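Remarks on the overall topology
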Amino acid sequence: MVTAYFDASGSPDKTAVVSVGGLISTSEKWVSFADEWEDCLKAFGVSSLHMRHYAHSTREFASWWNDEPRRRRFLSSLMSVIERYIEHTVAATVLMKDYKQIDQNYHLGEFMKPYTLAASTCVFSILPWAKEVGYAANDITYIFEKGD
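In short, a report on the structure. (Residues numbered from 1 in each chain as written. Predicted model: local features only at pLDDT ≥ 70, side-chain atom pairs only at ≥ 80, totals over all residues. Heavy atoms only, no water.)

**A short note on the pattern of salt bridges**
Spelled out, the test is: Throughout this description, the term salt bridge denotes a Lys or Arg side-chain nitrogen within 4 Å of a carboxyl oxygen of Asp or Glu. Only DSSP runs of H or I covering at least 4 residues are called helices, and only runs of E covering at least 2 are called strands; the numbering of each starts at the N terminus. Relative accessible area decides the class of each residue, using a 1.4 Å probe on protein chains only: under 20% of the type maximum gives buried, over 50% gives exposed, and in between gives partly exposed.
Within this structure, the stated rule accounts for four salt bridges. Between Glu87 and Lys29 there is a salt bridge, with its nearest N and O atoms 3.4 Å apart. Of this pair, Glu87 sits in the loop between helix 3 (68-85) and strand 3 (88-95) while Lys29 sits in helix 1 (residues 27-43), and the two are 58 residues apart along the sequence. Its relative accessible area of 27% is what places Glu87 among the partly exposed residues. By relative accessible area, Lys29 is classed as partly exposed at 32%. Here Glu68 and Arg72 are joined by a salt bridge, their closest N and O atoms 3.7 Å apart. Of the two residues, Glu68 and Arg72 both sit in helix 3, four residues apart, roughly one turn of that helix. Looking at Glu68, the relative accessible area reads 39%, which means it is partly exposed. Among the charged side chains, a salt-bridge network with shared partners connects Glu68, Arg71 and Arg72.

**Some thoughts on the environment of Glu83**
Assignment of secondary structure puts Glu83 in helix 3. Given the relative accessible area of 62%, Glu83 is considered exposed. In this structure, the C-alpha to C-alpha distance between Glu83 and Phe33, residues 50 residues apart in sequence, is 9.8 Å.

**Thoughts on the nonpolar core**
Put simply, the test is: Throughout this description, the term nonpolar core refers to a set of buried Ala, Val, Leu, Ile, Met, Phe, Trp, Tyr and Cys residues connected via side-chain atoms within 4.5 Å. Pairs of residues are marked as contacts when any of their non-hydrogen atoms sit within 4.5 Å.
In this structure, Phe6, Val20, Ile24 and Ile126 are the most contacted members of the largest nonpolar core, which totals 24 residues. Elements represented by at least two residues in this core include exactly strand 1 (2-9), strand 2 (17-26), strand 3, helix 4 (96-106) and helix 5 (114-133). It is helix 5 that contributes the most residues to this core, eight residues altogether. Ignoring any residue separated from it by four or fewer positions in sequence, one finds Val20 in contact with Phe6, Asp7, Ala8, Val90, Ala91, Ala92, Tyr115, Ala118, Ala119 and Cys122. Membership of the second largest hydrophobic core comes to 16 residues, among which are Trp30, Cys40, Phe44 and Phe61.

**Quick look at unusual backbone geometry**
Even without a glycine there, the phi angle at Ser57 is positive, about 50°. Locating Ser57 in the fold gives a position in the loop between helix 2 (51-55) and helix 3. The exposure class of Ser57 is buried, given its relative accessible area of 9%. With a phi close to 65°, Asn66 is a non-glycine residue in the positive phi region.

As C-alpha cells, then:
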C-alpha cells in the first residue's frame, strides 16, 4: 500500500495559476517522514511551512528577512527529509487565463474546476510510475488537503 498526499496552491479568482502537488510513499515511510519533518520545523522554531509565508518572510518567518543562509538551511533540511522518505512526486498547474478561455467555449467549469483538473492530472500521472515499480492502481490511497 502507498499513500499519495496532495496540496494545492493558488486561487482561481486571485492568481494566474492553480497548482496541485503530491508526494507518494508507503505507510511506514510516512510515519518516519512526519516525525522528521516535525523535528526539522521545531529545530528552526516554526510550527509549519506555508510557502506563501516563507517566500515573503511573513508571520513565523518575518525575522528571517534577509537571512539567506538560514532560509537555505531550512529548505535544505526539509528537502533532505523528502528525499529520504518520499518515493515519488507529482505536480500539475492550470494556467487560469487559458482555463477561462476554454471555459467560455466549452463550459468546463460545470464539470471540471481548476483544482479538480490539476488534481486529476496528478492522479493520472501516478499510475505509470506505480505500474513500473509494482504497485497496482488499487494499492494507492489518495488524500487531498482540506479546503481545496
